[in-house]
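Letter by letter, the chains look like this.
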Amino acid sequence: MISHRFLAVLIITALSMPAAAWAFDDDEMVFGVDDVEEEFDDDDDAMMFAPDDLDDSGFDPESDIQEALDVGVLAVPGDAISDDERSRLQSALRDAARQIPEITTYGDSSLLPDMIDRDPDYCSREALCLASIGRSAGVQRILQARVEQVDGRYRLDLDYFDVEDRLFVAYHSSSNHRSFNALLEAVPESVNYIFGIRSRPGEDDYVDDRDVNIPRVLAYGSAGLGVAFLATGGFFGLRVNSQQEELDQMPRNDDGQFTEWTQREAQTFQREMEANARYANIFMVVGGVLSVGSVLLFVFGPDGSDVEAEARLGDEDQPWYSGIDISPHFSNDGMGFGASWRF
């Protein structure tokens, strides 16, 4: 028979066991405020990036050139350009990339079909998709151009993509182009920017001296100056005529002297009329020479549209005037035109 003393010990033991269990849970599972903040501090140090880390990809254009990487060149299809315009952009982009030393460029024969199959607008902006296309084409980098229209103006976006690391390592945007042709002219400068190539001071990437027809420019300039000189000469000529009429109407005596003017006033008026006549002659002669020179330059000067065609002709097939060369000459003493004829 259980004694009262043993029963009391058993009840006390039973009552004390839950308190011990709850105390065990509190000690093992509940964390203090300092412990929780310390855990989060560790996570922050491991996962947060500084702005400089995000902006700096470590891309060095010179190292890419020195490594002679294989670069795939692609003009991305889009709603802003037609298929023909995309082809022209592809050619301009490939030509510009070929000017970059040491790298090897490849066209869009392998890149374009996969890009079209995977939605160009999405795949050209998504690193995993673009990397997959690059690996399929066997290139290490992808230089792609995207075109958009904003308020009727064209914008050219160039991306340089690292296939292995799946990173956009360089980017350049050129906007506010009024026409598609103007956008094409901006391609070489944009490609040079991607690869860290800067133009020399004073160098203009959009002007080709071979496209400037110097004789035709001189012809138009001579024509404009000739008209200006002739008009000025005509103005002085009209003043001389007006003064001569005024002089003829002035009353004179039997000795031919003016009755309303003194001798000095008459001499002053006559010298002024002679000066106007001299100015008229000078301007008319210079204007005539410039006009004749302009006509000769128009007739015998090379036409920019026919230069290449004439260059392909043999000596016997050249037109008779091809040997005539007319050029202006300027010096401290004056100006003039020189002519030569090769036959």
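That block above? That's the structure.
For the structure given in this document, a descriptive report is provided here. Note that this is a predicted model, so its numbers are computed, not measured. (Residues numbered from 1 in each chain as written. Predicted model: local features only at pLDDT ≥ 70, side-chain atom pairs only at ≥ 80, totals over all residues. Heavy atoms only, no water.)

**Some thoughts on the packing of helix H11 (residues 214-249) against helix H12 (residues 263-300)**
Logical step 1: Here H11 crosses H12 at 155°, and the two axes come no closer than 6 Å. In this view, H11 runs roughly antiparallel relative to H12, as classed from their interaxial angle. The crossing of H11 and H12 is left-handed. (Axes fitted to C-alpha atoms, helices over the stretch in contact; angles between N-to-C directions. Helix = DSSP H or I, 4+ residues; strand = E, 2+ residues; numbered from the N terminus. Parallel < 35°, antiparallel > 145°, perpendicular 65-115°, else oblique. Left-handed = near helix turned anticlockwise from the far one by under 90°.)

**Description of helix H5 (residues 83-98)**
Logical step 1: Taking 1.5 Å per residue as the helical rise, H5 with its 16 residues ought to reach 22 Å, and the 22 Å between its terminal C-alpha atoms agrees with that figure.
Logical step 2: Restricting attention to buried positions, one finds in H5 the residues Glu-85, Arg-86, Leu-89, Gln-90, Ala-92, Leu-93, Ala-96 and Ala-97. (Expected span 1.5 Å × (residues − 1). Buried < 20%, exposed > 50% of the residue type's maximum accessible area, 1.4 Å probe, protein only.)

**Notes on the pattern of salt bridges**
Logical step 1: One pass over the full model with this rule turns up ten salt bridges.
Logical step 2: Across the pair Arg-125 and Glu-148 runs a salt bridge, and its minimum N-O distance is 2.7 Å. On the criterion of sequence distance, the pair formed by Arg-125 in the loop between helix H7 (120-123) and helix H8 (127-137) and Glu-148 in strand S3 (residues 141-150) is long-range, its members being 23 residues apart.
Logical step 3: Glu-148 sits in the partly exposed class, given a relative accessible area of 26%. (Salt bridge = Lys/Arg side-chain N within 4 Å of Asp/Glu carboxyl O.)

**Details of a nonpolar patch on the surface**
Logical step 1: A contiguous nonpolar patch, built from Tyr-220, Val-295, Phe-298 and Val-299 and spanning about 390 Å² of accessible area, is present on the exposed surface.
Logical step 2: When residues of the nonpolar patch are assigned to their parent elements, the largest contribution, three residues, is made by H12.
Logical step 3: Counting through the fold element by element, Val-295 comes out in helix H12. (Patch = residues over 30% accessible without salt bridge, like charges linked within 9 Å, V, L, I, M, F, W, Y side chains within 5 Å. Areas by Shrake-Rupley, 256 points an atom, 1.4 Å probe, with all protein chains shown as cover.)

**What to know about the state of the cysteines**
Logical step 1: Under the counting rule described, the total for this entry stands at one disulfide.
Logical step 2: The disulfide partner of Cys-123 is Cys-129, and the gap between their sulfur atoms is 1.9 Å. Negative torsions about the S-S bond denote left-handed disulfides, and the value of about -100° found for Cys-123 with Cys-129 makes this one left-handed.
Logical step 3: Of the residues examined, Cys-123 reaches a relative accessible area of 0% and is grouped as buried. (Disulfide = S-S within 2.5 Å.)

**Some remarks on the sheet that holds strand S5 (residues 167-177)**
Logical step 1: Strand order across the open sheet formed by five strands is S2-S1-S3-S4-S5, with mixed pairing between neighbours. Of all strands in the sheet, those bounded by a partner on one side alone are strand S2 (104-106) and S5. Neighbour to neighbour, the strand axes of the sheet diverge by 20° on average, direction disregarded.
Logical step 2: Where strand S1 (residues 70-75) and S3 come together, five bridges link them in parallel fashion. Bridge pairing in S3 places Ala-75 opposite Ala-145.
Logical step 3: Its contacts with the sheet put H5 on S1, S2, S3 and strand S4 (153-162), and the angle it makes with S1 is roughly 155°.
Logical step 4: Against the sheet, helix H10 (residues 187-194) touches S3, S4 and S5, its axis set at about 150° to S5. (Pairing = 2+ DSSP bridges. Contact = heavy atoms within 4.5 Å.)

**Thoughts on the nonpolar core**
Logical step 1: Ranked by internal contacts, the top residues of the largest apolar core, which has 28 residues, are Leu-89, Leu-143 and Val-191.
Logical step 2: It is H5 that provides the largest number of residues to this core, a total of five residues.
Logical step 3: If you look at the next biggest cluster of nonpolar residues, it comprises 14 residues, including Val-76, Ala-131, Val-139 and Ile-142. (Core = buried A, V, L, I, M, F, W, Y, C linked by side-chain atoms within 4.5 Å.)

**Here we look at unusual backbone geometry**
Logical step 1: If you check the backbone angles, Glu-102 has positive phi at about 80° while not being a glycine.
Logical step 2: For Glu-102, the location among the structural elements is in the loop between H5 and S2.
Logical step 3: Phi angles above zero are rare outside glycine, and Asp-119 is one such case at about 75°.
Logical step 4: Topologically, Asp-119 is positioned in the loop between helix H6 (111-117) and H7.
Logical step 5: By relative accessible area, which is 41% here, Asp-119 ends up partly exposed.

**Overview of the side chain of Ser-190**
Logical step 1: Positionally, Ser-190 belongs in helix H10.
Logical step 2: Filtering out sequence-adjacent residues up to four positions away, Ser-190 remains in contact with Leu-156, Leu-158, His-172 and Ser-174.

**Here's the deal with the packing of H5 against H10**
Logical step 1: In contact at an axis separation of 9 Å, H5 and H10 are set at 45° when each is read in the N-to-C sense. Judged on the interaxial angle alone, H10 and H5 are oblique. Regarding H5 and H10, the two cross each other, and that crossing is right-handed. Contacts between H5 and H10 involve Leu-89, Ala-92, Leu-93, Ala-96 and Ala-97 from the first element and Val-187, Pro-188 and Val-191 from the second.

**Overview of the pairing of S4**
Logical step 1: Among the ten residues that make up S4, eight are buried, leaving the element largely enclosed by the rest of the structure.
Logical step 2: Judged from the ten bridges that link them, S3 and S4 form a sheet pairing that is antiparallel. Each residue of the ladder has a partner; that of Gln-144, found in S4, is Asp-159.
Logical step 3: Two successive antiparallel strands, S3 and S4, enclose a turn made up of two residues, where Asp-151 displays a positive phi of approximately 55°.
Logical step 4: Across eight bridges, S4 lies against S5 in antiparallel orientation. Bridge pairing in S5 links Leu-156 to Ser-174.
Logical step 5: Adjacent in sequence and paired antiparallel, S4 and S5 are bridged by four residues, among which Arg-166 carries a positive phi angle near 55°.

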